[in-house]
Amino acid sequence: MSDHRVLRDSALTALAPLIWGSTYLVTTELLPPDRPLLAATVRALPAGLILLAGGRKLPRGSWWWRAAVLGLLNIGAFFYLLFLAAYHLPGGVAALVMAVQPTIVLGLSALLLKARITPAHTVACALGILGVGLLALTSHAALDAVGVGAGLLGAVSMASGIVLTKRWGRPPGVGLLTFTGWQLTFGGLFLLPVTLVAEGLPGAVDGRNAVGFGYLGIVGALFAYTMWFRGVERLPALAVSMLGFASPLAATALGYLVLGETLSPAQLAGSLLVVCAVVLVRPRTAGEGPGAGPSGPPPRRVRMISRAS
């Protein structure tokens, strides 16, 4: 893997968490209050159906249940828990709670992908959590048991989805957009009946709400998840997870630019630590020695060549 390709893949993958960092702002400023299930469903299902209609290909065999599991972990459960945390916690605190995700990815990669854990991996996870902590824990930050629990479960859900996506890969002949559509559709279908029973539909949706839902569905789901799953395929699992730290960076920057929040020296230091953590586990080129993170099985093309030889 060349330096240019690594840089390009990392930059494109980082677009997803950068976009997701705006979720907290959009949720609190544009969406109807106290409707996390509705927000999660509208974000996932329309985007999934658009991609499904474009791909015109359904799962086959074991990929029915695999796509359902990935849709639940990466989309359905994660979206709901993300919005629940966003409604119950300040954006920075929610990001801090979910910053344990790379550590979970590290453990699951060792268990399911047989990846080797190095001291650099452990240090990077610690730096990332510390950096997000400095970004998020301001003097007026409030904790809520429901929000904290939702954030932790959301981190477990997404971490499991990343590792299983890396382990199972993508079925031959299925494009990335179609694969993304399967997961968004399954996730949305899991959420839909729960949303109708638990929350129902709002009495009215104004233009502000429509803009928020449209942004989360088209930009935050269809585009962002396509870039994310592309990165999961091409980069080591831990490196992808560490790029997720771009989300609290984006949330902090938007708070500063849009809501007029101030950045303290501690928050600036936290930003630097997060960047250091990402750099520490960046994917290595072939001449640089061991890879930077758990990468799972080799790409499908390589496995096929090995079988033929």
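S.K.: Is there a simple way to think about the overall build of the protein in this case?
M.R.: When its secondary structure is counted, the protein shows 14 helices and 0 strands. Each helix (α) and strand (β) of the protein, taken in turn from the N terminus, gives the series α-α-α-α-α-α-α-α-α-α-α-α-α-α. Across the 309 residues in the protein, those meeting the buried criterion constitute 51%. Surface accessibility of the protein: about 13700 Å² in total, with carbon and sulfur atoms responsible for 69%.

S.K.: Help me out: how do you make sense of the pattern of salt bridges in this one?
M.R.: Pairing is possible between side chains of opposite charge, provided their charged atoms come close. The full count for this structure, using the stated rule, is 5 salt bridges. In this structure, Asp9 engages Arg230 in a salt bridge whose closest nitrogen and oxygen atoms are separated by 3.1 Å. Pair noted here: Asp9 is in helix H1 (residues 3-20) and Arg230 is in helix H10 (residues 207-234), with a separation of 221 residues, a long-range link. With respect to class, Asp9 is no different from Arg230; both count as buried. For Arg170, the salt bridge goes to Glu233, with nearest N and O atoms at 2.3 Å. Highlighted residues: Arg170 in the loop between helix H8 (145-168) and helix H9 (176-198) and Glu233 in helix H10, separated in sequence by 63 residues. Using a relative accessible area of 28% as the deciding quantity, one classes Glu233 as partly exposed.

S.K.: Would you take a moment to explain a nonpolar patch on the surface for this structure?
M.R.: Nonpolar side chains collect at one region of the surface, where Tyr256, Leu257, Val258, Leu259, Leu263 and Leu268 lie side by side and expose about 590 Å² of accessible area between them. With respect to the secondary-structure elements, Leu268 resides in helix H13 (residues 265-280). For Leu268, a relative accessible area of 51% translates into the label exposed.

S.K.: Would you mind showing me how to read the environment of Gly161 here?
M.R.: Among the secondary structure elements, Gly161 is positioned in helix H8. In this structure the C-alpha to C-alpha distance between Gly161 and Asn74, which are 87 residues apart in sequence, comes to 5.1 Å. In this structure Gly161 touches Leu70, Leu73 and Asn74, once residues within four positions along its chain are discounted.

S.K.: Hey, could you run me through the side chain of Gln101 in this one?
M.R.: Assignment of secondary structure puts Gln101 in helix H6 (residues 101-112). Overall, the relative accessible area of 9% leaves Gln101 in the buried class. With residues near it in sequence (within four places) discarded, Gln101 still touches Ala155, Met158, Ala159, Ile162 and Ser241.

S.K.: Teacher, can you tell me more about H13 here?
M.R.: Compared with an ideal rise of 1.5 Å per residue, which puts 16 residues at 22 Å, H13 spans 23 Å between its outermost C-alpha atoms and is within 8% of the ideal. Of all the positions in H13, only Gln267, Gly270, Val274 and Ala277 are classed as buried. Seen end-on, H13 carries its buried residues on one side only, within an arc spanning 70°. Exposed and oriented more than 90 degrees from the buried face of H13 are Pro265, Leu268 and Leu272.

S.K.: Can you help me understand the environment of Pro36 in this one?
M.R.: Tracing the sequence through the fold places Pro36 in helix H3 (residues 36-55). In the structure, Pro36 is positioned 44 residues away from Tyr80 in sequence and 6.1 Å away in space, judged by C-alpha atoms. Setting aside residues no more than four positions away along its own chain, Pro36 makes contact with Tyr80, Phe83, Leu84, Tyr87 and Glu199.

S.K.: Would you mind going over the packing of aromatic side chains with me for this structure?
M.R.: Given two aromatic rings, one states the distance between the centres and the angle between the planes to describe the pair. Tallying each qualifying case throughout the model produces 10 aromatic pairs. Here the aromatic residues Trp20, Trp63, Phe79, Phe179, Trp182, Tyr225, Trp228 and Phe229 are joined through ring pairs into a cluster of three or more. The ring of Phe79 has Arg43 lying over it, and the distance from NZ or CZ to the ring centre is 4.3 Å. The ring of Trp63 has Arg66 sitting right over it, with the charged end atom 5.4 Å from the ring centre.

Analysis parameters
- Residues numbered from 1 in each chain as written.
- Predicted model: local features only at pLDDT ≥ 70, side-chain atom pairs only at ≥ 80, totals over all residues.
- Heavy atoms only, no water.
- Helix = DSSP H or I, 4+ residues; strand = E, 2+ residues; numbered from the N terminus.
- Buried < 20%, exposed > 50% of the residue type's maximum accessible area, 1.4 Å probe, protein only.
- Areas by Shrake-Rupley, 256 points an atom, 1.4 Å probe, with all protein chains shown as cover.
- Salt bridge = Lys/Arg side-chain N within 4 Å of Asp/Glu carboxyl O.
- Patch = residues over 30% accessible without salt bridge, like charges linked within 9 Å, V, L, I, M, F, W, Y side chains within 5 Å.
- Contact = heavy atoms within 4.5 Å.
- Expected span 1.5 Å × (residues − 1).
- Arc of directions from axis to C-beta.
- Phe/Tyr/Trp six-rings, centres within 6.5 Å; stacked < 30°, edge-to-face > 60°.
- Lys NZ or Arg CZ within 6 Å of the ring centre and 35° of its normal.

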